[in-house]
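A look at the structure
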Amino acid sequence: MVSPTLTLPPFALPLAVGLAGALLAVALGGRNKAWWGAAILLVATAVAARLVGHSALGATLGAASELAALALVAASGTRDAPAATRTFALALVPAIVAVGAGLTLIRLGHLRPAAPWDTIAVGLLMLGFALKLALVPLYFWLPVVARAVPAVSLVLIVGVVDTGVLADLAELAQVAPWILADHLAPWTVLAAASLLGGVALAIAETDLKTILVFTGVADAGLILLGLLTVDPVSQTGASLGLVGKALADTALFGAVACGEAALGRPLSIATTRGLAGRLPVASAVFMVGAGALVGLPPSLGFSAHWRLFRTAEVVGGPVMVTLVFVAVAALLLVMVRALHRVWLGPAETETPAPPAPVAARVVLIVTALAIVASGLVPRIFEVPTEMPSHALALVEGTAP
Amino acid sequence: MTPFLAYALAFLVWPGLLVAAPLAWFELWLMRKALAKLQGRRGPPLFQPFFDWVKLMGKRTVIPEGVPRAAFVALPVIALASIAAALVVMPVPGNPAPRLPGDVVLLLYLLEVPVLCEVLAGYVGRSVYGEVGAMREALMSLAYNLPFLASVIAMAEWAGSFDLRTLAAAPFGLVHVVAGAAFLLALPARLKSNPFSIANAEHEIVAGGLIEYSGPLLGLFELAHALEIVVLTELFVILFVPMPAAPLAALVVWVAVGLALLMGLTLLAATTARLRLAQAFRFYWVWGGAMSVAALAAGLAR
Amino acid sequence: MDPVTLPVLALLAGAGLQLVLAPWLSPLAKGRLAALAAALAFAAALALLPATMHGDVLTATLTPVWDADTAVTFRVDGLAALFTLMGTAAGTAILIFSIRYMADEPQGLTRFYTIMLVFVAGLLVLGSAADLLIAYVAWEVIGLCSYTLVGFWYRQKAAVDGARKVLVITHLAGYGFLVAIVLLQLRTGTLDWADPKLAAGFTTGVAALMIVSAMAKSVMFPLHTWIPEAMNAPTPVSALLHSACYVKAGVYLIARMYSIGPWTPELGGPLAIVASVTILVGVIFALKQTDLKRLLAFHTVSQLGYIVGGLAIGTAWGIAAGLFYTLSHALFKGTLFMVAGSVQHATGTRDLTRLGGLSSVMPWTTKIWIVAAAAIAGVPLTNGFVAKWLLFGAALDKGWLFLLAAGWIGSILTAFSFLKATVNVFYGAMPVELARAQARHELHEASPSMLIGMGLMAAGCVVFGLAPQLMMDAIVAPAVAGLGFTPDVATSWGGIATGRGAIGLTVGATLVAAALAMGWIVWRLADAPTRATVAVFTGGEPLPAGDRPGAVDFAGMAEDAFHPVYGVDPDPLWLGIWSRAGRVATGTRNAFAPLLERRPALLILLATLAVAATLALG
């Protein structure tokens, strides 16, 4: 695998997304001090975690970031926030404990303990990550949180924290591939269930934020698929998908945030209509983000999707490919439905309304441009996928 | 002889206008005389169709107000030109035109052009009778073209070529009979004779599509229509009647078949009443469709 | 600057300039800039012809590495040159037409012209890409261009619904192409279509997947239902995308498949059957239409059946017929759409029941329409006739009677349908509202730039009908040769000769022209016609005011006859699948919600047990 001459440092992503979220929050207003404290803590710890790299400190910083997300939910200031916080905590705390325990057992992936501890570690990690990422069937906290928080919080929660969790998992898969490779069946089931289940849940929803988070679950399932093999193409697909997901989520939730601010209430595909007339920029950016999520070129989502189709064929043959196709097709239909009901088409009323704030529009446009630009030069995001030597040794069965 | 001169000769002289026009008038006279005899009349003298045409050519053309002049004048000229071009394509003995090899495709598309012109003429004239006549003509063409095309396609499939000469020389088979019957089914409608004289139904729509035409322009349309009879009878003989080798015998067969065809058409015209458009349309799609399927099947069977 | 990449770069530069200079350009200036960029690209494309005519394959690299070690390399053989020329030629003519046509749009012109230029560039990249992955990217990019252009008036429900349908049908079917590429890459390790290794992985399954993709883009039955809805786009979009270029993307893919490996033995027959059905379904549905653009859209469906049928035949003759038809169709269909747009521009409607008698108001538009309508109906001396002649010959040669019969019957129905359209728009009596508009001097002929755009393409129909060897020798034969076939269609000024028959077209045409000229001279020398001072003949009765046969009457009988065919609409099937999926999703969610959503603690416990059990057993 040729090393690219130019790569973006891993902390750049959470920094960029965090900045975008913060600027949007400033532009759209309405956030209290507690929210700001939690947000700054969230972004800082996430960036620091990536700076520090794969280590105990990094894992701790990551956990801190996730707890900051909990605080962010609590500081939402909406009526449903307390209940959502409780539900989120019910998922997050056990998850952090499970992942922490698992990582300790395997020394962050540098050691493979004797049976049955390795299997126990895998089980703990599986449960923990499934809870953190809201993979199907452990997704219960996600719709509750999505409905309770403003969209700009979701930019941070999904764009920074979720992406960080996925990046952790991807790193772990690189360092200790046996976690996934030796237990392919349950991980594959988890990926497939999330892929199909996430989309099915999105179809059944009417609240736009909830739809988007469920499509994110499906996307996470797809990325997980890429981590299932040690094949460099699949690993690249997963890492590109990760970055693409973060950018797409920023665009999507950012646009929704502008819509919420303009209307003063959450967007729903059942009731909201024709926002493009008032918010053409947000509408266009939503379209770009939806395209990136579904894997339309030029975007990193596309670079990821074609690789992940390949992985599907390698992992599960025509059946898996069909499954992925069905899920991606349904994903397209869900996003198109949302786009065409909430944004495009005739508006509910023709009363003139002020457009989104300039700063918000600028952030959205920059995000959209980043999506397209990154799709035009995906080489920059292809991280080297040679395995570290100690991991290689583990796989080949030679001792540390 | 350069190709251009050869084509010019074929277009203007034989088998083109100079010889085909008198032949057409002769055939028209035969049909009118036979019709008269069947109806107990004397019938017109031999040169009557020619006299009618000359009279028309001598009259003054009147273009109604509001009618676009260029289209009005161009349509009969185009109709006549394409029928004359169709004559050029026919592989009759003595045809100086180089072997085009008689493309059936070209021939059939050239035969369509006069129909298109007449339909347009009906609407260009802006008379409501013209429009109704044109509409009927268009619908009838949809109807009779099914067996007409099927018969030709079946023969082409049988002979393995779109070359008229090859088709003429194809060995005789069942397809000749079935496809020939399909062709004959379509023939009265193409020639707008009873019971399919629907597009030019005098009692219903005065004169149909050509109602606003008079004088030389009407003469050109009438000549085109007469030449169509020549082309279609020639086509029938070429496609479906196996010719003996000796030229004299071939000529006799040609004349006999042609005569039989014309008399048959006249008999049909004399003894039937006009059908309604819906009846004719259904007739062609049901019976014509059945004949088409039979013809195509016969073309495939070896 | 490499001449091979010059067309694409010219278009992209034009698009870039549109964005940058937008605040300072007037609507007309934006149009002129776009037309200029397209014209430059066309000139650059023509410059490639001498080399491709001789069978040279030109290559150039745009960027060395893009994704996964693939470079964006152009490989311009005959087929790529054909598509490059078609795209730039149609693009130039239609953008010239758009200058005035779109000038009255209140907003969005920058977006419009930029995306149009990007679209043509995308089509060029699709045609020239050496690597199938790049071709797929271009495929999807032009799909997105189509989506955003059909949804140009994004506040109108009909337009965005049409855009949605375009995207959904073509993108979902496009996954066939993607999966095919993925499988090829997995099996052979390469995606370069000139690489002989690729043939090893090119199984029937892979070919079938690609064909399904092509079917959706090229409106084959049953994936054709998006094109009537796409007619809610501005007319230049309909002309460029949905008649001339976008729908030909599938044609390109099917043709390019010949470069990869032989696929016709198993799939050619079924594809030809699909094409035959498409020919008939398209034209039968067209008979029913009273909206002029929808009528043209269904005819596009039908004509693409001819094109794909030709390619499915799989012989040099068939492919030559298909590719000649592709170019001819772009010329006459683009013209027809532009005329429809002019009519709508002048009268405000494209409903056949409300139009009539426009030949007096728009004489030049009428002439252009007649030429293009004659071309699509296959009147000799037009390129449509030559295309049909080639196709029928190829079908007979292959022995495919069904394609031949479908094509010919389709041709008759096409002629009928265009008669209906022609007489109801341009001839006959003008309806009352239009007559009043004319009295107020509101009706007008199309503006000169619109006429130039339409006229250029219509002229092409006649030129290539009289001298088809110009197109055959220069463009089509090299394309056929580039796909690995030995062309057996030879052309010269004496006509086209094939293995089976020949057509002395140019000489014959010259003769007919001479005859018509003589006729005209005789006419001028004879008595000049008199203008009547009375109106048309009515048999003594006053003409009934509104009571004339209309567009609906014209085809009424045909519609009744074809009644069962109109039930063959695949849309309810697709929509049914989606709504059933929705119900299943909602039902499943509701069924599992008590555990999965309302009892989280229990769920976590159960999940832990399940994971433990699975891992212990595994």
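Keep in mind that what you see is a predicted model, and the values were worked out from it rather than measured.

Considerations on the overall build of chain A
If you tally the helices and strands in chain A, you get 15 helices and zero strands. The C-alpha atoms of chain A give a radius of gyration of 20 Å, which matches the 21 Å a tight globule of 400 residues would have. For chain A, the residues scored as buried account for 62% of the 400 residues in total. Here the contacts in chain A between residues at least 6 apart in sequence split such that 81% fall between residues at least 24 apart.

Let's talk about the confidence of the model for chain A
Confidence along chain A averages 87 in pLDDT terms, with 94% of residues attaining 70 or more. The low-confidence segment residues 385–400 of chain A, where pLDDT is below 50, has 21 contacts with residues more than four positions distant or belonging to other chains.

Observations concerning the arrangement of the chains
Ranking the two pairs of chains in contact by contact count places chains B and C at the top. Nowhere do chain A and chain B come into contact; their C-alpha atoms are at least 41 Å apart.

Topic: helix H7 (residues 151–175) of chain A
Over its 25 residues, H7 of chain A extends 35 Å from the first C-alpha to the last, a length consistent with the 36 Å expected when each residue adds 1.5 Å. Across the 25 residues that make up H7 of chain A, a large majority, 23, are buried.

Details of the interface of chain C and chain A
With 44 residues of chain C in contact, the opposing surface of chain A contributes 45 residues. Listed by contribution, the elements that provide at least two residues to the side of chain C that touches chain A are strand E1 (58–67), helix H5 (132–150), helix H6 (157–188), helix H23 (571–596) and helix H24 (600–617) of chain C. Counting residues per element, the side of chain C that touches chain A draws most heavily on H6 of chain C, at 14 residues. Class assignment of the residues belonging to the side of chain C that touches chain A gives a composition of 27 nonpolar, nine polar and eight charged.

Regarding the environment of alanine 290 of chain A
Residue and element names in this part refer to chain A. Tracing the backbone through its elements, the reader meets alanine 290 in helix H12 (residues 280–294). Residue class for alanine 290 comes out buried when judged on the 25 C-beta atoms lying within 10 Å of it. In this structure the C-alpha to C-alpha distance between alanine 290 and arginine 265, which are 25 residues apart in sequence, comes to 21 Å. Not counting chain neighbours up to four residues away, the residues in contact with alanine 290 comprise Leu252, Met335 and Leu339.

Quick notes on the nonpolar core
Ranked by internal contacts, the top residues of the largest apolar core, which has 534 residues, are Phe324 and Ala372 of chain C. The dominant element in this core, judged by the number of residues it contributes, is helix H13 (residues 300–343) of chain A, at 24 residues. When we break this core down by domain, the ones giving at least three residues each are domain 1 (263–488 + 507–515 + 548–569) and domain 2 (571–617) of chain C. In contact with alanine 372 of chain C, not counting residues within four places along its chain, are Phe332, Thr335, Leu336, Val339, Ala458 and Cys461 of chain C.

Quick notes on the packing of helix H4 (residues 69–89) of chain B against helix H10 (residues 215–240) of chain B
Residue and element names in this part refer to chain B. Taken N-terminus to C-terminus, the directions of H4 and H10 make an angle of 20°; their axes are 9 Å apart at the nearest point. When the axes of H4 and H10 are compared, the pair comes out roughly parallel. For H4 against H10, the interelement crossing comes out left-handed. Between H4 and H10, the contacting residues are Val73, Pro76, Val77, Ala79, Leu80, Ile83, Ala84, Ala86 and Leu87 on the first element and Leu217, Leu220, Phe221, Leu223, Ala224, Leu227, Glu228 and Val231 on the second. Across the contact of H4 with H10, the residue classes break down as 16 nonpolar, no polar and one charged.

Observations concerning the pairing of E1 of chain C
Two faces make up the sheet, and in a regular strand the side chains alternate between them. Residue and element names in this part refer to chain C. Where E1 meets strand E2 (residues 70–76), six bridges bridge the pair, whose relative direction is antiparallel. In the sheet register, alanine 60 faces E2, and the bridge partner there is phenylalanine 74. Following E1, the chain reverses through two residues before pairing antiparallel with E2; alanine 68 in that reversal takes a positive phi of roughly 55°.

Digging into H12 of chain A
All names here are of chain A. A rise of 1.5 Å per residue sets the reference length of H12, with its 15 residues, at 21 Å; its end C-alpha atoms lie 21 Å apart and thus fit the reference within 8%. Counting buried positions over the 15 residues of H12 gives 13, a clear majority of the element. Within two residues after H12, glycine 295 carries a phi angle of roughly 95°, on the positive side.

Focus on unusual backbone geometry
Omega for the peptide link from proline 297 of chain A to proline 298 of chain A comes to -10°, which places this bond in the cis form. Cis rather than trans, the peptide bond between tryptophan 14 of chain B and proline 15 of chain B has omega equal to 0°. Mapped onto the elements of the fold, proline 15 of chain B is located in the loop between helix H1 (3–12) and helix H2 (17–38). Phi is positive for valine 219 of chain C, close to 40°, though the residue is something other than glycine. Take valine 219 of chain C: there are 30 C-beta atoms within 10 Å of it, and that puts it in the buried class. One non-glycine residue, leucine 381 of chain C, lies in positive phi territory at about 85°. Within the element layout of this structure, leucine 381 of chain C appears in the loop between helix H15 (363–377) and helix H16 (383–398). For leucine 381 of chain C, a count of 23 C-beta atoms within 10 Å corresponds to the buried category.

Conventions used here
- Residues numbered from 1 in each chain as written.
- Chains lettered and ligands numbered in written order.
- Predicted model: local features only at pLDDT ≥ 70, side-chain atom pairs only at ≥ 80, totals over all residues.
- Helix = DSSP H or I, 4+ residues; strand = E, 2+ residues; numbered from the N terminus.
- Rg over C-alpha atoms; globule rule 2.2 N^0.38 Å.
- Buried ≥ 20, exposed ≤ 12 C-beta atoms within 10 Å, placed from the backbone.
- Contact = placed C-beta atoms within 7 Å.
- pLDDT = per-residue confidence, 0-100.
- Expected span 1.5 Å × (residues − 1).
- Nonpolar A, V, L, I, M, F, W, Y, C, P; charged D, E, K, R; others polar.
- Core = buried A, V, L, I, M, F, W, Y, C linked by C-beta atoms within 7 Å.
- Domains from an automatic or database assignment.
- Axes fitted to C-alpha atoms, helices over the stretch in contact; angles between N-to-C directions.
- Parallel < 35°, antiparallel > 145°, perpendicular 65-115°, else oblique.
- Left-handed = near helix turned anticlockwise from the far one by under 90°.
- Pairing = 2+ DSSP bridges.

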